[in-house]
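Understanding the architecture of this molecule
Below, each chain spelled out in residue letters.
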Amino acid sequence: MSQRDVKNRISSIQNIRKITSAMEMVAAARLRRAEQRIEKLRPYADAIRQMTRQAADAAGSGEVSALPLLQQRENEEKVALLLVTADRGLAGAFNSQILRAGLKAQAEIEEAGEKAIFFATGRRGVSSLTFRNREPQDSWTGFTERPVYANAREVAEALMAAYIDGEVDRVEIFYNGYVSPLVQEVRRQVILPLQESAVLGEEEADQGAQALVDYEPDPVEILKKLIPDYVEISIYRALLESSASELGARMTAMRSASENAGELIEKYTLEMNRARQAEITQEIMEVVGGAEALS
């Protein structure tokens, strides 16, 4: 490789490093906002869960189990798998690990004699499933980096309708849970049917607070309103966790890319210096050889 070729390669890598460094900074700035959105959602999600639990206690287990979204099917033949991925790549294994988890779950479900039906959010998940001849039944794209509650409601309504209409007998969601900018863990959660433990909670409800509550209309009617909200909140929380995880994964990937670019620049700079030194040495030898010939 000539000295000119090495210079061109160094210049190209320097340009790439500028891009990756800029993408790292953008991801870091957006990540902090995503973390704040998760923190702000938690009190509301906890309040919805508490209200649902108190209404379910007031209604009684018999009334609760009669609600469509709480009814468990005797024979589960069709399972919906919702894969929460990103619209963009350049985020390390963020998208691929969700896809692997979903395909592994599909194999387990089909081995048990059931059928897996895919749903997906994010262009990466949709395109990957389509490429593998597993066309998702429904998909949603264009909002994965900054989801809003309306996006979660749209996804939840489609999944709840499929469950109530008997198109699926169970709904599971796969998403990257946010632990830290460096750590994202794949989480698998059953969304429908809502287990009684998920609504009532493992811990005992506050009996003192419950005694002060008068329900108008009756608790069952209130549950009919609260349970869809509970499903929407669960999906919205997964979308926010996935959004923060995507930004953290991208920030880490771009930092690693910038560091690798720096190492390559050092390597090619050393190679260029060696080539320049070899050229200078060759020129000196030619000058010395010409002088000796003249003498």
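The structure contained in this document is the topic of the report that follows. No experiment lies behind these values; they were computed from the predicted model shown.

What counts, and at which threshold
Residues numbered from 1 in each chain as written. Predicted model: local features only at pLDDT ≥ 70, side-chain atom pairs only at ≥ 80, totals over all residues. Heavy atoms only, no water. Pairing = 2+ DSSP bridges. Helix = DSSP H or I, 4+ residues; strand = E, 2+ residues; numbered from the N terminus. Axes fitted to C-alpha atoms, helices over the stretch in contact; angles between N-to-C directions. Contact = heavy atoms within 4.5 Å. Buried < 20%, exposed > 50% of the residue type's maximum accessible area, 1.4 Å probe, protein only. Polar contact = N/O pair within 3.5 Å; in protein donor to acceptor, adjacent residues only side chain to side chain. Expected span 1.5 Å × (residues − 1). Bend = angle between axes of the 7 residues up to and from the residue. Patch = residues over 30% accessible without salt bridge, like charges linked within 9 Å, V, L, I, M, F, W, Y side chains within 5 Å. Areas by Shrake-Rupley, 256 points an atom, 1.4 Å probe, with all protein chains shown as cover. Salt bridge = Lys/Arg side-chain N within 4 Å of Asp/Glu carboxyl O.

A word on the sheet that holds strand S1 (residues 78-84). With mixed pairing, the five strands of this open sheet are ordered in space as S3-S2-S1-S4-S5. Of all strands in the sheet, those with a lone pairing partner are strand S3 (138-140) and strand S5 (183-192), marking the two edges. With direction set aside, neighbouring strand axes in the sheet form an average angle of 25°. Direction of pairing for strand S2 (residues 115-121) relative to S3: parallel, over a ladder of three bridges. Counterpart to Phe 119 in the pairing with S3 is Asp 138. Strands in contact with helix H8 (residues 219-294) are S1, S2, strand S4 (170-180) and S5; relative to S4, the strand with the most contacts, it is inclined by about 40°.

Another aspect to go through is the environment of Ala 28. Mapping Ala 28 onto the fold places it in helix H1 (residues 3-59). Owing to a relative accessible area of 32%, Ala 28 belongs among the partly exposed residues under this scheme. The spatial distance from the C-alpha of Ala 28 to the C-alpha of Thr 252 is 9.2 Å, given a sequence separation of 224 residues.

Right, let's get into the side chain of Glu 145. By secondary structure assignment, the location of Glu 145 is in the loop between S3 and helix H5 (149-164). A distance of 3.5 Å separates polar atoms of two side chains, one belonging to Glu 145 and the other to Arg 250. Ignoring any residue separated from it by four or fewer positions in sequence, one finds Glu 145 in contact with Arg 30, Arg 88, Ser 243, Glu 246, Leu 247 and Arg 250.

In this section: H8. An α-helical turn contains 3.6 residues, so a residue and the one three or four places further along point in the same direction. Taking 1.5 Å of rise per residue, 76 residues should cover 112 Å, and H8 covers 110 Å from first to last C-alpha, within 8% of that figure. At Lys 225, H8 is bent by approximately 25°, the largest bend along its length, and proline Pro 228 sits one to four residues beyond.

The next thing to look at is a nonpolar patch on the surface. On the surface, Val 179, Leu 182 and Val 183 cluster together into a nonpolar patch covering about 270 Å² of accessible area. Looking at where Val 179 falls in the secondary structure, it is placed in strand S4. Overall, Val 179 belongs to the partly exposed group, its relative accessible area being 46%.

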